[in-house]
Amino acid sequence: LYRYIDLVNHYNALSYNSPVFANLVLWPCQQLCHVKYRRALWGEHQQVLNSLRIALNQLVIPLSSFLEPVESNSSMIRVYAAAILSGTVQITRQPLLFLIAVHHLNRYLYNKDNRDSEFTQQFVRLCKLLPQMTNVKPTSSSPSSSSMQTIRNKTDILNLLRFYKQPNKQWLQQTKSIKFNTNLHVGIHDSLVHLIHNNDDNDDYADITSATTFNEAIFKASIECYNIDTLPKHRQLYWIELFEREKGRNENQFITGNKV
């Protein structure tokens, strides 16, 4: 672990946002690796996340390695939530990290085994404090649309956690190889690594930094979402149940308090 922390600190100091170096830093953070590496990066050295501005089309490791099996460690779920709700990780700046966090939070919240967990209860209470949207329409990308919301709005993020479906399947089915750039120029947009994809139409993803609305960013980040009409029935019922359980818990606490 100490060697990995040295690598993380070295990346933070000298990487210049190199996607090659970023792939090395992320390698031990795959789901089949020990959680201590993910916790070190996302929790103890969270400031490094700001410079891990790697996109899906710069990833050498299969995307599925960061998504499956789903995260079950409650401390990791907390740091994922803290990273995206605090703005440390943003969809237009660190689209890969944002996707990883949203994926695991969504799967955790919709797991019935976690509905009584402290994190889930806190999440429900947070949702009640913020005005709720009723829909997510990632296929609409017009900046003038009245349904669009301001990027980094916490309500948008909480709503995305409810309606998130999966990454676009093209990113889960990519075959990749590495070719080295002869000019050896390292920068945010000039990678040493060129990935060969089955589908090279990545224009929408490449200009995600220019997204002016949250829904437009979701679309360009290749994140697939349900909307209010397509959200599976069992998810709708489960979401209602979460809020009803919290309401019942508060009523019981009120009654108990009055008796005392």
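Residues numbered from 1 in each chain as written. Predicted model: local features only at pLDDT ≥ 70, side-chain atom pairs only at ≥ 80, totals over all residues. Heavy atoms only, no water.

As recorded in an unreviewed UniProt entry, the protein goes by the name DUF3437 domain-containing protein, listed as coming from Schistosoma curassoni.

S.K.: Which parts of the structure should I look at to understand the overall build of the protein?
M.R.: The secondary structure content of the protein amounts to eleven helices and four strands. The buried share of the protein, reckoned over its 260 residues, is 48%. Of the roughly 13,200 Å² of accessible surface on the protein, 52% is carried by carbon and sulfur atoms. (Helix = DSSP H or I, 4+ residues; strand = E, 2+ residues; numbered from the N terminus. Buried < 20%, exposed > 50% of the residue type's maximum accessible area, 1.4 Å probe, protein only. Areas by Shrake-Rupley, 256 points an atom, 1.4 Å probe, with all protein chains shown as cover.)

S.K.: Would you mind going over the packing of helix α3 (residues 35-44) against helix α4 (residues 74-85) with me for this structure?
M.R.: The axes of two packed helices give the description: the angle between them and the distance between them. Running from amino to carboxyl end, α3 crosses α4 at an angle of 25°, the nearest separation of the two axes being 10 Å. One finds that α3 runs roughly parallel with respect to α4. Both α3 and α4 take part in a crossing whose hand is left-handed. Contacts between α3 and α4 involve Val-35, Arg-38, Arg-39, Trp-42 and Gly-43 from the first element and Ser-75, Met-76, Val-79, Tyr-80 and Ala-83 from the second. (Axes fitted to C-alpha atoms, helices over the stretch in contact; angles between N-to-C directions. Parallel < 35°, antiparallel > 145°, perpendicular 65-115°, else oblique. Left-handed = near helix turned anticlockwise from the far one by under 90°. Contact = heavy atoms within 4.5 Å.)

S.K.: Please clarify how the environment of Leu-172 should be interpreted in this entry.
M.R.: With respect to the helices, strands and loops of the structure, Leu-172 is situated in helix α8 (residues 169-172). Residues Leu-172 and Pro-62 lie 110 residues apart in sequence; the distance between their C-alpha atoms is 7.3 Å. Setting aside residues no more than four positions away along its own chain, Leu-172 makes contact with Leu-63, Ser-64, Leu-67 and Pro-167.

S.K.: Please explain the confidence of the model for the protein as it appears in this structure.
M.R.: Detail in the predicted coordinates should be disregarded across regions flagged by low pLDDT. On average, residues of the protein score 79 in pLDDT, and 73% of them reach the 70 mark or higher. Ranking the elements of the protein by mean pLDDT puts strand β3 (residues 193-195) last, at 43, and helix α5 (residues 95-109) first, at 97. Residue range residues 177-205 is modelled with pLDDT below 50. Its contacts to residues more than four positions away, or to other chains, number 62 contacts. (pLDDT = per-residue confidence, 0-100.)

S.K.: When you look at unusual backbone geometry in this model, what are you seeing that I'm missing?
M.R.: Peptide bonds are mostly trans, and most non-glycine residues show a negative phi. For the bond from Glu-68 to Pro-69, the omega torsion is -5°, close enough to zero to count as cis. Residue position: Pro-69 is located in the loop between α3 and α4. Even without a glycine there, the phi angle at Ser-222 is positive, about 60°. Inspection of the secondary structure puts Ser-222 in the loop between α10 (214-220) and β4 (223-225).

S.K.: Teacher, can you tell me more about the side chain of Arg-235 here?
M.R.: Following the sequence through the fold, Arg-235 ends up in helix α11 (residues 233-259). In contact with Arg-235, not counting residues within four places along its chain, are Asn-106, Arg-107, Tyr-110, Arg-162, Tyr-164 and Tyr-226.

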